[in-house]
Amino acid sequence: RISKSVSKASPHTAERIMQMVGEGEVTVVLLLLAAAALPALLYVRRRQEQQFEAKLQSMRSKQAEAKLQAVEEKVAAVEASAAS
């Protein structure tokens, strides 16, 4: 499967690679490359999650402040009408 996808991109290079090494070695190299990239990908994903959580917390905080202000305004209006 790997050799077919590589062959589509550059058939001569793929043939040379497959002559020099077997398909198993190519698979091992690709797995090692993927394993080497994994920590960086996990770091990027975690940073995105942290940014999303911070944005979500900010939105929740703003909503809570707006609700509190609305309640304070209602209380002030009730107190003003009771005082009249």
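About the thresholds
- Residues numbered from 1 in each chain as written.
- Predicted model: local features only at pLDDT ≥ 70, side-chain atom pairs only at ≥ 80, totals over all residues.
- Heavy atoms only, no water.
- Helix = DSSP H or I, 4+ residues; strand = E, 2+ residues; numbered from the N terminus.
- Buried < 20%, exposed > 50% of the residue type's maximum accessible area, 1.4 Å probe, protein only.
- Areas by Shrake-Rupley, 256 points an atom, 1.4 Å probe, with all protein chains shown as cover.
- pLDDT = per-residue confidence, 0-100.
- Patch = residues over 30% accessible without salt bridge, like charges linked within 9 Å, V, L, I, M, F, W, Y side chains within 5 Å.
- Salt bridge = Lys/Arg side-chain N within 4 Å of Asp/Glu carboxyl O.

A few words on the overall build of the chain. When helices and strands are counted, the chain shows three helices and zero strands. For the chain, the N- to C-terminal ordering of α and β elements is α-α-α. Per-residue burial for the chain yields a buried fraction of 4% across its 84 residues. A total of about 7600 Å² of accessible surface is found on the chain, and carbon and sulfur atoms cover 63% of it.

The pLDDT averaged across the chain works out to 85; a share of 87% of its residues lies at or above 70. The lowest-confidence element of the chain is helix 1 (residues 2–9), averaging 52 in pLDDT; the highest-confidence one is helix 3 (residues 23–83), averaging 93.

Attention now goes to a nonpolar patch on the surface. A surface patch of nonpolar side chains, amounting to about 270 Å² of accessible area, comprises Ile17, Met20 and Val21. By the secondary structure assignment, methionine 20 is in helix 2 (residues 11–20).

Turning next to the pattern of salt bridges. On inspection of all chains with the given rule, the structure shows two salt bridges. In this structure, the salt-bridge partner of glutamate 49 is arginine 45, at a minimum N-O distance of 3.3 Å. Of this pair, glutamate 49 and arginine 45 both sit in helix 3, four residues apart, roughly one helical turn. Using a relative accessible area of 30% as the deciding quantity, one classes glutamate 49 as partly exposed. Taking relative accessible area as the criterion, arginine 45 reaches 54% and is therefore assigned exposed. A salt bridge links arginine 46 to glutamate 49; its shortest N-O distance comes to 3.1 Å. Linking arginine 46 with glutamate 49, this pair stays in helix 3, spanning three residues, or about one helical turn. Taking relative accessible area as the criterion, arginine 46 reaches 39% and is therefore assigned partly exposed. Each of Arg45, Arg46 and Glu49 takes part in salt bridges that share partners, so that together they form one network.

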